[in-house]
Amino acid sequence: MNNNPYTAVCFGEILWDILPDARLPGGAPMNVAYHLNHLQVPAAMISRIGNDAPGEELLQFISSRGLDTDYIQKDEVYDTGTVLATLSGNNASYEIIQPVAWDFIQYSMPLQKLVSSAEYFIFGSLVARNERSAQTLFELLESAPYKVLDINLRKPHYEKKVLEYLMQHADILKLNTDELQLLGEWYGLPGGENEQMQVLQERFHLNTIITTRGDRGASVLQNGTYVEHPGFKVQVADTIGSGDAFLAGFISRIILRRGIPEALEFACKMGAFVAGRHGACPTYDPAEVEKAIG
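Residues numbered from 1 in each chain as written. Predicted model: local features only at pLDDT ≥ 70, side-chain atom pairs only at ≥ 80, totals over all residues. Heavy atoms only, no water.

Enquirer: Can you lay out the sheet that holds strand β11 (residues 208-212) for me, pointing to particular residues and giving the numbers?
Expert: With mixed pairing, the nine strands of this open sheet are ordered in space as β5-β4-β1-β8-β9-β10-β11-β12-β13. The outermost strands of the open sheet, each flanked by one partner alone, are β5 (72-75) and β13 (225-229). Within this sheet the neighbouring strands show an average axis-to-axis angle of 15°, counted without direction. Here five bridges tie strand β12 (residues 218-222) to β13, and the two strands are oriented antiparallel to one another. Counted as the bridge partner of Gln-222 is Thr-225 from β13. (Pairing = 2+ DSSP bridges. Helix = DSSP H or I, 4+ residues; strand = E, 2+ residues; numbered from the N terminus. Axes fitted to C-alpha atoms, helices over the stretch in contact; angles between N-to-C directions.)

Here it is, written out as structure tokens:
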């Protein structure tokens, strides 16, 4: 009998984004979990913080947003993660501090049980930059039923062989056009976006590949069928977390057994909606998304 109340489990970094004029809670997996919960998809978060004031503040934020903190570990050696973000226009660049607490997420049987009994296991590549968290991720992947990889290629925080391992174990791969271009250079992928996605799908036996294009929408390749959407135009506040909101929107519609075109359209709405607000985790009612994005 499955007593797990969570449909999805997100694994990886939680941290503070330090902006020139603000400090915001962040980390792609946490952002995805936040939006999934907002969209009525119960999601748990696995991560690690330091035994420090910033870590306690993160726990308070997470609790205030309705996320469970039971699977967020506390580290006695390493500090809570931080990222120094620099904004150029509407775009952000990041200096991701290391080593920090989320580099040392420890494997345990309760985590294995949590992951194996959820429908979706969502993770990124950034958390695999350190051997300890990477090994925990590898062990959890062995028992995860359906795996979603949202790669996050920030130099120098990735290795080709690790990324290949993660792609080999994923069912859904999400990446952006810059990341697709990098993979194209690695593997000599031919043609345009559609053709490159097809080669990746075949090479790594991926069920679904999603490529986001910023304000130009996104495309999905699922089992050989290619669908694209031009996206929605909004007045951008900042782009922090918009890709995470996109992924949460897509998964929420897949869970409802909606078709790929509908899932992709709603994902684009979520990405645009969050880009129009400051920060990765604005407060909102899900009904606002449909009203705000026509």
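From this point, things continue past the structure.
Enquirer: Provide a residue-level description of the environment of Phe-104, including the pertinent values.
Expert: Structurally, Phe-104 can be placed in the loop between β7 (91-96) and α3 (109-116). Exposure remark for Phe-104: the relative accessible area of 16% places this residue in the buried category. On a C-alpha basis, the gap between Phe-104 and Thr-136 in space is 8.7 Å, while along the polypeptide they are 32 residues apart. With residues near it in sequence (within four places) discarded, Phe-104 still touches Arg-48, Gln-73, Asp-75, Tyr-78, Pro-99, Asn-130, Arg-132 and Ser-133. (Buried < 20%, exposed > 50% of the residue type's maximum accessible area, 1.4 Å probe, protein only. Contact = heavy atoms within 4.5 Å.)

Enquirer: Mind laying out the environment of Asp-103, listing which residues take part and the relevant values?
Expert: Along the chain, Asp-103 turns up in the loop between β7 and α3. When its relative accessible area of 1% is taken as the criterion, Asp-103 is described as buried. The spacing of Asp-103 and Asn-130 is 27 residues in sequence and 5.5 Å in space, taken between C-alpha atoms. Dropping the residues within four chain positions of it, Asp-103 is found in contact with Gln-98, Arg-129, Asn-130, Arg-132 and Ser-133. Within the local environment of Asp-103, its side chain forms a polar contact with the side chain of Arg-129, the two groups lying 2.7 Å apart. (Polar contact = N/O pair within 3.5 Å; in protein donor to acceptor, adjacent residues only side chain to side chain.)

Enquirer: Describe in detail the packing of aromatic side chains, supporting the description with residues and values.
Expert: On inspection of all chains with the given rule, the structure shows nine aromatic pairs. Between Trp-186 and Tyr-187 the ring centres are 6.2 Å apart and the planes differ by 90°, which places this aromatic pair in the edge-to-face class. A residue is classified by how much of its surface remains accessible, and Trp-186, at 24% relative accessible area, is partly exposed. Classification of Tyr-187 as buried rests on a relative accessible area of 14%. Three or more aromatic residues link up through ring pairs in this structure, and these residues are Tyr-158, Trp-186, Tyr-187 and Phe-204. Of note, Arg-23 hangs over the ring of Trp-16, and the distance from its end group to the ring centre comes to 3.9 Å. Above the face of the Phe-266 ring, Arg-253 is positioned so that its terminal group lies 3.7 Å from the ring centre. (Phe/Tyr/Trp six-rings, centres within 6.5 Å; stacked < 30°, edge-to-face > 60°. Lys NZ or Arg CZ within 6 Å of the ring centre and 35° of its normal.)

Enquirer: Pulling in residues and values, what's your account of the pairing of strand β8 (residues 120-124)?
Expert: Summarising burial for β8: five of the five residues are buried, a large majority. Residues Tyr-120, Ile-122 and Gly-124 point to one face of β8 and Phe-121 and Phe-123 to the other, with burial holding for every one of them. Across four bridges, the pairing between strand β1 (residues 8-11) and β8 is parallel. Bridge pairing in β8 links Val-9 to Phe-121. Both β8 and strand β9 (residues 147-150) contribute to a ladder of four bridges, which runs parallel. Within β9, the residue paired with Ile-122 across the bridge is Val-148. As for the winding sense of the linkage, the β-α-β connection from β8 through helix α4 (residues 131-141) to β9 is right-handed. (Right-handed = clockwise from strand over helix to strand, strands pointing away.)

Enquirer: Go over the pairing of strand β10 (residues 172-176), please, and point to the residues and values.
Expert: For β10, the tally of buried residues reaches four of five residues, placing the bulk of the element in the interior. The pairing of β9 with β10 spans three bridges and is classified as parallel. Residue pairing in the sheet places Asp-150 in a bridge with Lys-174 of β10. Remark: the β9/helix α5 (residues 160-168)/β10 crossover connection has right-handed handedness. For β10 and β11, the ladder comprises five bridges, and the chain directions are parallel.

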